[in-house]
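The residues making up each chain are set out below.
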Amino acid sequence: MTTGQATVCLTFDFDAISLWVGPMGATSPSMISRGEFGPVGVARILRLLDRHGIPATFFVPGHTAETYPDAVREIVAAGHEVGHHGYLHENPVGLASAEDERRVLARGLDALERTVGARPVGYRSPSWDNSPHTVGLLLEHGFRYESSLMGHDFVPYWCRVGDVIQADGPYLFGREVDLVEMPVSWVLDDFPHFEYLRVGNRVSPGLSAPSKVEEIWRDEFDFMRREVPGGVFTLTMHPQVIGRGHRMLMLERLIAHFGAGGGVRFTTLADAAEAFRAAQPSPPSAPQT
Ligand SMILES: [Zn+2]
């Protein structure tokens, strides 16, 4: 990677039905069918990526791998990266203990390895909500990077353990560890922009015009190009959201825009995380146990 070259990582969280049965607690066929649209979106995304020769990253819950093994195998066969995304899209903060989180992590890994033969090196927590145990568990399982934190927009950094949250004093930062953070942002996520949700008394209006989101994503990218040389631009999308026709056209226009100025590399998060590692003098030392 030459200095100043920009990286674009297109990432897709293939939640499918797990999102609705898991955190949404859905039992109605109509609500669950929103997740059934996931594999429809995946097929469209794979065609788009193939036309442009772009490798991408798909985060796949174990439940999705077991429900739609063929769709996930097609993702793998097309050369894209598959990352870990829980089993039934469990929010780690909502799990009772580190042991529960370890069990979910193992179950998701097992489902991916057993059904599609993929051993992920990357993790994205469902709902982008790491627990205080998450980073330690990922190190335990040999992950190379994770992608759920928001401490920067365009620059990867080392994850930490041992932060101390204080309300009556400054925040105390813990020790950096050998796990790369590939940061994310709700601004660069299709779900809050587009998805209409009514669960209980909670309403997320979504349904934005693509012109609005296109403007935000394009300007974020253009700002990175001008102000953050060597930056990594990570978009988070969901096949069941971005897979609608008008949004697919928006994504195709954006891909053309990102590539138009030259000096841009489209790659997987795993690849971008390894590029970050290669540029560091050395990884943080192993934890003292
Ligand atoms: Zn998700």
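The structure reproduced in this document is the subject of the present report. These figures come from a predicted structure and were not determined experimentally. Within each chain, residues carry numbers counting from 1 in the order of the written sequence. Residue-level local features of this predicted model are given only where pLDDT is at least 70; pairs of side-chain atoms are given and counted only at 80 or more, and the full residue set underlies all totals for whole chains, interfaces and linings.

With that settled, the discussion passes to the overall build of the chain. By definition, any uninterrupted DSSP run of H or I lasting at least four residues is a helix, any uninterrupted run of E lasting at least two residues is a strand, and each is numbered from the N terminus. Summing up its helical and strand segments, the chain has 11 helices and 11 strands in all. A globule of 289 residues ought to have a C-alpha radius of gyration of about 19 Å, and the chain, at 18 Å, matches this closely. Dimensions of the chain, computed from C-alpha atoms along their principal axes, come out at roughly 50 × 45 × 40 Å. Comment: burial labels come from other C-beta atoms within 10 Å of the residue's own C-beta, placed from the backbone, where a count of 20 or more is buried, 12 or fewer is exposed, and between is partly exposed. The proportion of buried residues among the 289 residues of the chain is 41%. Two residues form a contact once the distance between their C-beta atoms, set from the backbone, is within 7 Å. Within the chain, contacts between residues separated by at least 24 positions form 74% of all contacts whose residues are at least 6 apart in sequence. Atoms considered for the radius of gyration are the C-alpha atoms alone. The globule rule reads 2.2 Å times the number of residues to the power 0.38.

The next subject is helix α2 (residues 29–52). Helix length check: α2 (24 residues) gives 36 Å between terminal C-alpha atoms against 34 Å at 1.5 Å per residue, within 8%. Arg 34, Gly 35, Gly 38, Pro 39, Gly 41, Val 42, Ile 45, Leu 46 and Leu 49 are the residues of α2 that are buried. Just downstream of α2, Gly 53 is the residue with a positive phi angle, here 65 degrees. Take the number of residues in a helix, subtract one, and multiply by 1.5 Å to get its expected span.

The topology assignment puts Ala 16 in the loop between β1 (6–13) and α1 (18–21). Once the C-alpha coordinates of Ala 16 and Gly 35 are considered, the two residues, 19 residues apart in sequence, prove to be 4.1 Å apart. In contact with Ala 16, other than residues within four places in its own chain, are Gly 35, Gly 38, Pro 39, Thr 64, Thr 67, Tyr 68 and Gln 240.

Another aspect to go through is the pairing of strand β10 (residues 232–237). Burial analysis of β10 places 6 of its 6 residues in the buried class, which makes it a mostly covered element. Burial along β10 is two-sided: Val 232, Thr 234 and Thr 236 and Phe 233, Leu 235 and Met 237, pointing in opposite directions, are all buried. Strand pairing is assigned whenever DSSP detects at least two bridges linking the two strands. Across 6 bridges, the pairing between β1 and β10 is parallel. Paired with Thr 7 across the two strands is Val 232, which belongs to β10.

This brings us to the packing of α2 against helix α4 (residues 69–77). Contact pair α2 / α4: the axes reach a minimum separation of 10 Å and the direction vectors enclose 15 degrees. Between α2 and α4, the interaxial angle falls into the category roughly parallel. Of the two possible hands of crossing, α2 and α4 adopt the one that is left-handed. Residues Pro 39, Val 42 and Leu 46 of α2 form the contact with α4, whose own contacting residues are Ala 71, Glu 74 and Ile 75. The classification used treats Ala, Val, Leu, Ile, Met, Phe, Trp, Tyr, Cys and Pro as nonpolar, Asp, Glu, Lys and Arg as charged, and all other residues, Gly among them, as polar. Taken together, the residues of the contact of α2 with α4 break down into 5 nonpolar, no polar and 1 charged. Lines fitted to C-alpha atoms define the axes here, with helix axes fitted over just the stretch in contact, and angles between the N-to-C directions of these axes take values from 0 to 180 degrees. Throughout, the term roughly parallel applies to angles under 35 degrees, roughly antiparallel to angles over 145, roughly perpendicular to angles from 65 to 115, and oblique to all others. Each crossing gets its hand from how the near helix is turned against the far one by less than a right angle, where anticlockwise is left-handed and clockwise is right-handed.

With that out of the way, let us pick up unusual backbone geometry. In the Ramachandran plot, Ala 16 falls in the positive-phi region, its phi being about 50 degrees despite a non-glycine side chain. Residues other than glycine seldom take positive phi values, yet His 89 does so here, at roughly 55 degrees. Looking at the secondary structure, you find His 89 in the loop between β3 (81–84) and α5 (98–116).

Attention shifts here to the pairing of strand β7 (residues 175–181). With 2 bridges joining them, strand β5 (residues 145–146) and β7 adopt parallel strand pairing. Bridging across to β7, Tyr 145 finds its partner in Val 180. Note: strand β6 (residues 157–161) against β7, 4 bridges, orientation antiparallel. Residue pairing across strands places Trp 158 opposite Val 180, the latter belonging to β7.

Along the polypeptide, Asn 201 turns up in the loop between β8 (197–199) and β9 (202–204). Each C-alpha atom of the pair Asn 201 and Glu 74 lies 38 Å from the other, and the pair is 127 residues apart in sequence.

None of the figures reported here should be taken as evidence of function without further support.
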